[in-house]
Structure formats: structure tokens, C-alpha cells
Number of protein chains: 2
Amino acid sequence: MTTPLRERALASRDATAAIAALDTTSKRRLLHRMADELAASATHVLDANERDMDAAKANGTSAAMLDRLVLDAPRIAKIVVAIRDVATLPDPVGVVTRRETRPNDLVVERVRIPLGVIAMIYEARPNVTADAAALCLMAGNAVILRGGSDALHSNTAIAEALQRALMAEGLPEATITLIDDTRRETMVELLQLTDVVDLAIPRGGEGLIRFVTEHARVPVIKHYKGVCHLYVDRAADPSMALRLLVDGKTSRPGVCNALETLLVHRDAAAVFLPTAIARLRELGVEIRGDDATRALVPDVASATDDDYAAEFLDLVIAVRVVDDLEAAIAHIRRYGSDHTEVIATQDEAAADRFVHALRSAVVMVNASSRFSDGGELGLGSEIGISTTRLHAYGPMGAEALTVERFVVRGTGQVRHP
Amino acid sequence: MTTPLRERALASRDATAAIAALDTTSKRRLLHRMADELAASATHVLDANERDMDAAKANGTSAAMLDRLVLDAPRIAKIVVAIRDVATLPDPVGVVTRRETRPNDLVVERVRIPLGVIAMIYEARPNVTADAAALCLMAGNAVILRGGSDALHSNTAIAEALQRALMAEGLPEATITLIDDTRRETMVELLQLTDVVDLAIPRGGEGLIRFVTEHARVPVIKHYKGVCHLYVDRAADPSMALRLLVDGKTSRPGVCNALETLLVHRDAAAVFLPTAIARLRELGVEIRGDDATRALVPDVASATDDDYAAEFLDLVIAVRVVDDLEAAIAHIRRYGSDHTEVIATQDEAAADRFVHALRSAVVMVNASSRFSDGGELGLGSEIGISTTRLHAYGPMGAEALTVERFVVRGTGQVRHP
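Computed from a predicted structure; not experimentally measured.

Asks: Honestly, unusual backbone geometry in this entry has me stumped. Any pointers?
Replies: Glycine aside, residues mostly have negative phi, and peptide bonds are mostly found in the trans state. Its identity is not glycine, yet Asn366 of chain A carries a phi of approximately 55°, on the positive side. You can see Asn366 of chain A is positioned in strand 13 (residues 362-367). In this model, His391 of chain B sits at a positive phi of 70°, which is unusual for a non-glycine residue. One can find His391 of chain B in the loop between strand 14 (384-390) and strand 15 (392-396).

And the structure:
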């Protein structure tokens, strides 16, 4: 019999005190035990995954979706290593970020505490079950996991392994709660539990994220899409710009930090574009350009307005020649998704203007957009990339799962003596 | 003719670039000019306020509400000074909070940028129009103000004065937008403009805040209520505890950081409670206590469960004798509102346990709850107090109206060379 959602959510809330109170050493030991238990359950998890795969295939699920769903021994080993990696992260909880003595001798500290209960809403990838649980727990939070129905057997097997570790460490099983009722109305109920859920993080396609935003009453941090731009300035080093373009577009086109649009200063276009387009084509990239691009490389297809707003997630790129830096900025402001933008330039003033004029989560000078990732930017691990300009903006690590509060110590001060 | 809401909101969004780009000196000059213009418009603002007051009186508005609504010359002078105070704050925009060089020599910085467009939703107090605008602008944001219909003439007169300062400084008038259509459906439309509004901050009664939370699709930071506790530990200094109690309960009972509940360790109760209750009664405070309290002071009224959850905002206090520190913590966890809690104790271990076990926004040791205020805690000015455990928790100053993003500088690094 399934426990009703609210009852399970309240158990999750009750579990927050124990995990919030654990010291760093205990949390690390817990995570290693979670890794051990998952490694020991590999066969069981693979069996469960096979059931999910069989059902998915019978339902005519796409090859891309099946690839996200499937587990094998190396993938499980990777998940186990990822949990151990989280255990090496600095503990954000209890960190004193500021300390000030006020004129009346009150000592005011800002101290990081866990958020409380985090609801992860995700789709096919079963590794999220372990990744998200590990990071939430390291930051002292309880987690409610609501994965896709396609991955339910896999997610259940993984969550059960992790829960065995919780119990072995004397923690409530409800510190990690997997919602096995994957009906949409149950998800909506979860997203409206304002007295339980402190933050919901949806991870998946735009449809899921829009659905979560529509129905949530609890705070949501989301990432809609990554329409990442490379702007090749007049003062760019052409060979460096080409390297950034190739890496950004082709090293992994299906991810959110891949490039989707190339903007080129008109003074650089004649030299840069023919070579760049030829190289991209060798690598199988389809080019869609504006008239100026097509004047330089006549057989390029014509780019539409939709192309400039598109997250292709594929070997396709939109190209546009712009009059100057300001035109590049205006283009990105109009079509961008606030994810990641790159300028290639040797002109420091142009770089500074690009950085200051854009309010994207990550702005890069002479570096590949593919570095827009929690691991690459030094967060150690990542629970998602926020394009919500609140709380956390850009890659979110363990610290983004905490908040600063005030601790005040006095000697009997009163406001109206 | 009223401009339709969406058109005005888009103008606000378009205005964000100019205010975000202003340097500190220019923002300070702008704020002083806003103060000048408001001071110069005092007569006009007072006339407008008189119209609001006449209408409110004709509608039978309560005396408390009228007191919030009314302006006079000293109150306007106070608003003018408050704007100038905001101009003295440190500028949070552009602050580099962290800088790290990665193993591949990428330099990764976290830099504060404005949130963008902030929607303030408030009720009768016209000073919020100026206070909120000043703080939002100092943090580089555009602001959309939606005040109560009762204060519309006052708010309009204030906003027009501030907008004259904007125009004199060459900034778009839409940097400060006052919504003059105060119908609820227009507020709902505003709260669902996810492509414009980066943050909504409701300030007012619980009804308004619940309405905003119900209907918002944009992020909301809210403050429901302040059920603040003073726990008098066994190891408290009784005279200090009494000072904290009197200041917390009686110095301004109508505000959110006033005390609502007194918890007393049973070993301290016999000495502390009779004196404390007698003193509170001298000051006109009504006492509602549990059986143990009534055993010590027989003529105390009996406290109900509702009393322990109540934000009285009045000269009333709920009192309870608890078995020990853990019982005090359990009581606060059950009835508290995550706003502000105080422990009076000379026992450091007890203080530490109290601080760590509670996850309220502000936890104080031996200091009055009335210090739970942006100005008192060193934020300079305050746009509200968040009990949402996300982004900002506790008093929110200018910094809480910004977010950290990533700026990455490289020399051509790629992820898959």
C-alpha cells in the first residue's frame, strides 16, 4: 500500500533535523556508506533497470530516451564514484560568511544553514536519484525524489540502497524519499506543499519545467534552456576563436552549455567565416546564416528568427554577422536564454563591455562555453544550472542548497533601554 | 488613458539595462536628486494624501489603517532622509565575492549583478513607495510598485516626484513604474509576468501575502508573520532576562520582531515568572499562561494552542513553563514562524544548542528580538524580512536585491582539445 503523499512529505520534514545536525565527518561517512550500498546492489539495480528498459522498448520509446534510461556496470560504477566525489566537497553548513560587531557590541554573524526539504523533479536519467540525494544530504537537507515513471524500477532500487545506508547510520529512512506514485496530480500536490518543500528543482525538458513552474506554490529554481552564444570580435585571435567554436559546438552538442549561435563582427567575417564554416561542415555541422554570411559562403541555408532563438541540442548552428560589439550584445539580449555567452577578443575594453552589458549566468572571455558546468567552475558537483536570477544563478553546487541566516550574540542589549 | 499592464511592464524591463550600468557615484547622485524632488513636492504629496485620507475616512477605515496611511510634514521629511540614507550604503553591484584560478588557468569570479525587475506589492503605507524604489535602484534594479488603492493618490504624487529625478538624470521614467490600476486581476497579471518580473516582494497583512503566493508564477520572497520567542534558560541572568522580555514585548508591540511567547525553564520559573508577570502587567500586558504558570501566578488566563501560534501584534503574551532546553526547542519548532528567537542564558553550551537546533532566520543569544531589523543588524536599510528559506533569510538589504553570477576569463581554453 502506498503511503499518501502528504504523510510521506511530513516524514521528510521531520527528518530534516537529524541530517541538518550531522557534522562534516558523519556526513562524509554516510555518503561513503551510500556508495558502498549502491555498489553492493549493482546486480539488483541492473535487474530493475532491465525491467524499465523492457517496458520502455515495448512502449516504442525513442533511442535517445532509451540511452538516458539504460544502466550498465560502468554507469553504476560512475554513479558510485560520483557519490564519493560529493563526500570530498567542503561542507557548506555552519560556514560563517560574515561577522560584524555593531556599535552597541552585538556580534552579528551570517551563518549557512540547510534549506530543509528539497524536491527534485526529473525525467529518465536514473543517476539523478543518487547524484541529487548525495548533494542534498551533503548540504544537510532531506530530499524528495520524483523521477519519471519510465525509470521507476531503477530509481526504486537505487533509493532502497541509499536508504539502507541511512538506516545503518541511524538516520531516518525519510531523509531520502522516493515518490513511487508518478501521476501528474501527485506531482502537483507535491509542488503545492508549501509547509514542507523549501525548494523544487526540476531537471528535464522544457515541457516538464513549464509544468512545474505553472503548478508550483513552493519556490522553484529552474533552467529552461541554454541558447549559448559565441561572439567573435573584430579583435579576436582567429585561430583561438575557431578552437572555441569547434569545442563549443561539436564536443557534445546535446548538452545545455553547447553553442547554438555564432555572432561575428563584420570586420572579422571575411577572414573568419569561410574557414570556420568549412571546419564545422567537416565535423558534420549544419549552418544556418544571415544574408551577410551567405554572401561570404553562398551555399549556407538561410537562418530564420526561430533559428536564433533555438536550442538545437544537435549539430546545427545559427550564424550572424553583426555590425559591432553593441549589435552582438543587442542580439544576445533579444534571443539569449541567460545561460552562457562567450566573447573571443584580445581587446580588454571590448571584453569588459561584453561582460558588463550582459546579465547571463555565466559570461566568458576567451574560454569555451563547455566550461559552464559546476565541476569545471570549481563547485565540485552540480545539482543543476539555474537561469532563475534569484538565490543561485548558473551552475548550482552544494552551497546553493543552503542559505545564510543571522546569529546574534549580545550581553543583554535592548533597543529601548 | 491607462497604459495596459504588459506594455508598462515591458518598458520596465527595457529600463533595467540603464540602471544596471550606472556606477556607484551616479546612483548616489540619482538618489539625492530623488530626495530633493520629493522634498520639493511635499505640499503636492500632502494634498494628495489628504484626498486619500478623506476617502478612507468616508469608507469607515479603521484608526490603525488611517495611521498607516496619513502623511504629514515630519513623515515626509523622514522619507526624504531615508532616501539619502540609502545613498550612503555600499553598492552591492559589481562586488567580486570570490575569485579562483582553476588548474587549467581559467580565472573564475563570482560577481554580484542586479536581479532586474522587482515588483513590490504593498498596502497602506505610502512611505514604501519611496523606500522600496530607493533600495531597488541602489541595487541596480528597476521597480514596479503596486500599492494599495487607499493610498493611490499619495503613491502617485511620490512616484511622480521620483520620476522627475530619473528624467533629470537621463534615465527612463519606467525605471520606477507605479501601477495605478489597483484591481486584483491586474495584480494577478503582474504576478504572472514571468518574462518580466524577476522577484515579487509582498509587504502587508497575511491575507495579501497568501494571495500573492497563491497567484504568483514569478519568484516570491515573503514574510508571513513573526511569532518570536524568548526562552529564559535555567542559567539565565534573571534581571537581564526581564530586560529582554520588557523590551521585546512592550517597546513596540505592533511590529513583527516583537515577542509573542515567553518560554521559561521550570527551574527558573518560580523565581522569574512572578516578578516578570507583575512587571508586564504594570506595563499593560495581558498574560495567557499554561497550568504551571497559573500555579505560580493564579490569576493568569489559560493559554490555548492558538495563543502559542498567534502573532498578537498587541500587548498580549503567551507564557509556558518548559521542562528543559529541548522542550523549548520542540515548542519553537512546532509553533514558531522561523522569524526570530531569543535565548537568555549564561550557559554557552545551552546557547550553542539553541542556535544550532533552530533554523529561524535570526537566532539571538542575550539580545532583544527587537534588533531583528535590517538597520540594527548592519544592512543599512531594509526592504523586508524574509521567512522564505531561499535567496535571503531574515532582514533583506540592498545586497538581497542582487545575485551572484559567474565571470570566467581564459586564454583560449577548450574542454576537449
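Asks: I tried to follow the sheet that holds strand 13 (residues 362-367) of chain B on my own but got confused; where do I start?
Replies: The mixed open sheet is built from 10 strands, whose spatial order is 1(A)-2(A)-16(A)-13(B)-12(B)-7(B)-8(B)-11(B)-9(B)-10(B). Across the chains shown, the open sheet's two edge strands, defined by having one partner strand only, are strand 1 (96-101) of chain A together with strand 10 (301-302) of chain B. As judged from the 4 bridges shared by strand 9 (residues 286-289) of chain B and strand 11 (residues 316-322) of chain B, these two strands associate in the parallel manner. In the strand pairing of strand 11 of chain B, Gly289 of chain B is matched with Val319 of chain B.

Asks: Help me understand helix 14 (residues 325-335) of chain A in this model?
Replies: Within an α-helix, residues lying three or four positions from one another point in the same direction, as the helix has 3.6 residues per turn. Residue and element names in this part refer to chain A. Every buried residue of helix 14 is accounted for by Leu325, Ala328, Ile329, His331, Ile332 and Tyr335. Buried residues of helix 14, viewed axially, fall in a sector of 160°; they line one side. With a side-chain oxygen positioned 3.3 Å from the backbone nitrogen of Glu326, the residue opening helix 14 is Asp324.

Asks: Any chance you could explain the UniProt feature "domain: Aldehyde dehydrogenase" (unreviewed entry) in chain A here in plain terms?
Replies: The feature "domain: Aldehyde dehydrogenase" (unreviewed entry), as annotated in UniProt, sits at residues 11-290 of chain A in this numbering. Annotated as residues 11-290 of chain A, this span is 51% helix and 18% strand, and its ends, taken at the C-alpha atoms, are 57 Å apart.

Asks: How do you make sense of the pairing of strand 6 (residues 199-203) of chain B when you look at a structure like this?
Replies: Consecutive side chains of a regular strand alternate in pointing toward one face of the sheet and then the other. Residue and element names in this part refer to chain B. Among the 5 residues that make up strand 6, 4 are buried, leaving the element largely enclosed by the rest of the structure. The pairing of strand 3 (residues 117-122) with strand 6 spans 5 bridges and is classified as parallel. Looking across to strand 6, one finds that Ile121 is bridged to Pro202.

Asks: Where do I start with the packing of helix 3 (residues 24-40) of chain B against helix 6 (residues 73-87) of chain B in this structure?
Replies: Helix-helix packing is described using two parameters, namely the angle between the two axes and the distance between the axes. All names here are of chain B. Relative orientation of the contacting elements helix 3 and helix 6 amounts to 175°, with a least axis distance of 8 Å. In terms of orientation, helix 3 and helix 6 fall into the roughly antiparallel class. Here Arg28, Leu31, His32, Met34, Ala35, Asp36, Leu38 and Ala39 of helix 3 lie close against helix 6, whose contacting residues are Ile79, Val80, Ile83, Arg84, Val86 and Ala87. When its residues are assigned to classes, the contact of helix 3 with helix 6 shows 10 nonpolar, 1 polar and 3 charged.

Asks: Even after reading the chapter, I still don't get helix 4 (residues 42-58) of chain B, so can you show me in this structure?
Replies: Residue and element names in this part refer to chain B. If you check helix 4, its first and last C-alpha atoms are 24 Å apart, about what 17 residues at 1.5 Å a residue would give, namely 24 Å. Buried within helix 4 we find Val45, Ala48, Asn49, Asp52, Met53 and Ala56. Buried residues along helix 4 cover an arc of 145° about the axis, so they all sit on one side. Exposed and oriented more than 90 degrees from the buried face of helix 4 are Thr43, Glu50, Lys57 and Ala58.

Asks: Hey, could you run me through the nonpolar core in this one?
Replies: Counting residues in hydrophobic clusters, the biggest one holds 97 residues, and the most contacted among them are Met34 of chain A together with Leu245 and Leu262 of chain B. By residue number, the principal contributor to this core is helix 6 (residues 127-138) of chain A, which donates 9 residues.

Asks: Just to check I follow, could you spell out the interface of chain B and chain A for this structure?
Replies: Interface size is commonly expressed as the accessible surface area that is lost when the partners come together. Taken together, the contact between chain B and chain A spans 72 residues of the former and 72 residues of the latter. Carbon and sulfur atoms supply 52% of the area that chain B and chain A bury against each other, a total of about 6,000 Å² over both sides. Its largest share of buried area at the contact with chain A, chain B owes to Leu390, Phe406 and Arg415 of chain B, together 13% of the area lost on that side. If you look at where chain B meets chain A, you find 8 salt bridges. Taken together, chain B and chain A are joined by 47 residue pairs in polar contact (both at pLDDT 80 or more). At 11 residues, the largest contribution of residues to the side of chain B that touches chain A is made by strand 16 (residues 402-413) of chain B. Taken together, the residues of the side of chain B that touches chain A sort by class into 32 nonpolar, 19 polar and 21 charged. Relative to strand 13 of chain B, strand 16 (residues 402-413) of chain A runs parallel, the two sharing 5 bridges. When the bridges of strand 13 of chain B are listed, Gln413 of chain A appears paired with Ala367 of chain B.

Asks: What's the story with the pairing of strand 3 of chain B in this structure? I'm lost.
Replies: Residues and elements named next belong to chain B. Most of strand 3 is tucked away, with 6 of its 6 residues classed as buried. In this sheet, strand 4 (residues 142-146) lies alongside strand 3 in parallel orientation, the contact comprising 5 bridges. Looking at strand 4, one finds that Val117 is bridged to Ala142. One crossover worth recording links strand 3 to the parallel strand 4 by way of helix 7 (residues 127-138), and it is right-handed.

Asks: For this particular structure, what's the right way to read the relation of the copies chain B and chain A?
Replies: For these two chain copies, the linking operation is a rotation about an axis paired with a shift along it. The two copies are related by a screw operation: chain B maps onto chain A through 180° of rotation and 0.0 Å of translation along the axis, at an RMSD of 0.0 Å. In short, the pair behaves as if placed about a two-fold rotation axis. Proximity to the rotation axis, assessed at the C-alpha, singles out His391 of chain B in chain B; its C-alpha lies 1.9 Å from the axis. Interface overlap between copies is the fraction of interface residues in one copy that are interface residues in the other; for chain B against chain A it reaches 100%, indicating a shared surface.

Definitions and limits used
- Residues numbered from 1 in each chain as written.
- Chains lettered and ligands numbered in written order.
- Predicted model: local features only at pLDDT ≥ 70, side-chain atom pairs only at ≥ 80, totals over all residues.
- Heavy atoms only, no water.
- Helix = DSSP H or I, 4+ residues; strand = E, 2+ residues; numbered from the N terminus.
- Pairing = 2+ DSSP bridges.
- Buried < 20%, exposed > 50% of the residue type's maximum accessible area, 1.4 Å probe, protein only.
- Arc of directions from axis to C-beta.
- Polar contact = N/O pair within 3.5 Å; in protein donor to acceptor, adjacent residues only side chain to side chain.
- UniProt positions renumbered as here; feature names shortened; annotations may be inferred.
- Axes fitted to C-alpha atoms, helices over the stretch in contact; angles between N-to-C directions.
- Parallel < 35°, antiparallel > 145°, perpendicular 65-115°, else oblique.
- Contact = heavy atoms within 4.5 Å.
- Nonpolar A, V, L, I, M, F, W, Y, C, P; charged D, E, K, R; others polar.
- Expected span 1.5 Å × (residues − 1).
- Core = buried A, V, L, I, M, F, W, Y, C linked by side-chain atoms within 4.5 Å.
- Buried area = accessible area lost by both parts, 1.4 Å probe.
- Salt bridge = Lys/Arg side-chain N within 4 Å of Asp/Glu carboxyl O.
- Right-handed = clockwise from strand over helix to strand, strands pointing away.
- Least-squares fit on C-alpha atoms with pLDDT ≥ 70 in both.

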